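Spelled out, the chains give:
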Amino acid sequence: MQTYLLSQQFNARPLAENSTACPANATICNGTSCVLPEDNFNETLSVVLSTVLTIMLALVMFSMGCNVELGKFWGHVKRPWGIFVGFLCQFGIMPLTAFLLSLIFNVLPIQAVVVLIMGCCPGGTASNVIAYWVDGDMDLSISMTTCSTLFAMGMMPLCLFIYTKMWTDSDAIVLPYDSIGISLVALIVPVSFGIYVNHRWPAKAKVILKIGSIVGAVLIVLIAVVGGILYKGSWIISPKLWIIGTIFPAAGYSLGFFLARVAGLSWQRCRTVSLETGMQNTQLCSTIVQLSFSPEQLELMFTFPLIYSIFQLLFALLILAGYRVYRRYRVKTTTDVEKTEEKVDSKSASSNAKTNEGFVSNETK
């Protein structure tokens, strides 16, 4: 198994003493770039926040399930053309894009591997919330997220085996199947309850959906903020990773939409596939990275999952804002046209009425 360590080993203690920019308890220091040991406070905070976020996420997915109709959902499963297109985007476009970006920017081997791990991850649950706000096909969105998480059990090892050969041994990457399984259960169970509530009590399901969509929007921002708080290291990493972290999600959204349109899907489903493609499960990527690499290796790329998470959220919000402006303009234009036609019709009728009245009165005279 090949490993890629830093070109120079750093003595943390002397550097910490000679530099005020690096904390004294840093385990690895290179100027202002540091990796700090875990402390009890950070560990406790992480557990508490993870528990709260997990509960909130389950509630959000329950509310998203309240917008899913069992008949339509089962229709996607029986005629899985949309799911198949999403599968090609998730495990075809994204890993290939990660591979090409790593080659184009000529990043270090260990950095290329983390970019590929991100590209091979399944879709994240945040895509379901954004899909709701852009009037996407929620039945397709939920089924795509569920299927991509399920398929990740086999597709992630396969994609990593194919694309990481030139940089490292794929056996060096530890895939947390338990985390993938937990994500799958945390997705299926609350969504199933939501579908049941929508089937039995449609009116109550609509109220739950509205509340859950707002909570979901808050949760997406909260996860990004919490990720920034819990990182105990420097943000000074390779500019190439910043550039890749910006381009990668944008490419995922664009290519997903393009492939869905080429496949003949409706505009509503194109928006859904686009979001499912670009929004990755960054928490899973962070878990894999932390399990697979040493602190020396993490120094080179340990903030990339958070960088991707931030930019995938920013681009998703831009898509949402653009769609809302388009929808408002389109509805306003359509309404204005309808009102104009109504006015013309009413004037025409009034003019005809007056003419008829005049004609009758003359004839009477």
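Under an unreviewed UniProt entry, the name given to the protein is Ileal sodium/bile acid cotransporter, and the source organism is Psophia crepitans. A UniProt comment under Sequence similarities (unreviewed entry) is attached to the protein, and it reads "Belongs to the bile acid:sodium symporter (BASS) (TC 2.A.28) family."

A. Highlighting the overall build of the protein. When helices and strands are counted, the protein shows 14 helices and two strands. The buried share of the protein, reckoned over its 365 residues, is 44%. The contacts of the protein with a sequence gap of at least 6 include a subset with a gap of at least 24, amounting to 82%.

B. Layout of the pattern of salt bridges. In total, this model carries two salt bridges according to the counting rule given. Among the ionic pairs, Asp135 bridges to Arg327, the shortest N-O distance being 3.0 Å. Taken together, the positions of Asp135 in the loop between helix 6 (126-133) and helix 7 (138-163) and Arg327 in helix 14 (residues 304-364) put the pair 192 residues apart, joining distant regions of the chain. One salt bridge connects Asp137 with Arg269, and the closest N-O pair in it is separated by 3.0 Å. Placement of Asp137 in the loop between helix 6 and helix 7 and of Arg269 in helix 11 (residues 267-278) is noted, with a sequence separation of 132 residues between them.

C. Local environment of the UniProt feature "transmembrane region" (unreviewed entry) in the protein. In the numbering adopted here, UniProt assigns the feature "transmembrane region" (unreviewed entry) to residues 45-63, 83-105, 112-134, 140-163, 175-196, 208-229, 241-260 and 300-323. Its end C-alpha atoms 29 Å apart, residues 140-163 is made of 100% helix and 0% strand. Helix and strand shares over residues 175-196 are 91% and 0% respectively, and the end C-alpha atoms of the span are 33 Å apart.

D. Molecular detail of the state of the cysteines. A full pass over the atoms with the stated rule returns zero disulfides. Here Cys159 stays free of any disulfide, with the sulfur of Cys120 as its closest cysteine sulfur at 4.6 Å. Between Cys270, a free cysteine, and Cys89, which holds the nearest cysteine sulfur, the sulfur-to-sulfur gap is 9.6 Å.

E. Region of interest: unusual backbone geometry. A positive phi angle, near 50°, is found at Asn106, a position not held by glycine. Mapping Asn106 onto the fold places it in the loop between helix 4 (81-105) and helix 5 (109-120). Backbone geometry places Asp135, a non-glycine residue, at a positive phi of 60°.

F. Structural detail: a nonpolar patch on the surface. Among the surface-exposed residues, Leu96, Leu100, Leu103, Ile104 and Met166 lie close enough to one another that they form a single nonpolar patch of about 480 Å² accessible area. One can find Leu103 in helix 4. Accessibility expressed as a relative area gives 39% for Leu103, which makes it partly exposed.

Scoring rules and cut-offs
Residues numbered from 1 in each chain as written. Predicted model: local features only at pLDDT ≥ 70, side-chain atom pairs only at ≥ 80, totals over all residues. Heavy atoms only, no water. UniProt positions renumbered as here; feature names shortened; annotations may be inferred. Helix = DSSP H or I, 4+ residues; strand = E, 2+ residues; numbered from the N terminus. Buried < 20%, exposed > 50% of the residue type's maximum accessible area, 1.4 Å probe, protein only. Contact = heavy atoms within 4.5 Å. Salt bridge = Lys/Arg side-chain N within 4 Å of Asp/Glu carboxyl O. Disulfide = S-S within 2.5 Å. Patch = residues over 30% accessible without salt bridge, like charges linked within 9 Å, V, L, I, M, F, W, Y side chains within 5 Å. Areas by Shrake-Rupley, 256 points an atom, 1.4 Å probe, with all protein chains shown as cover.

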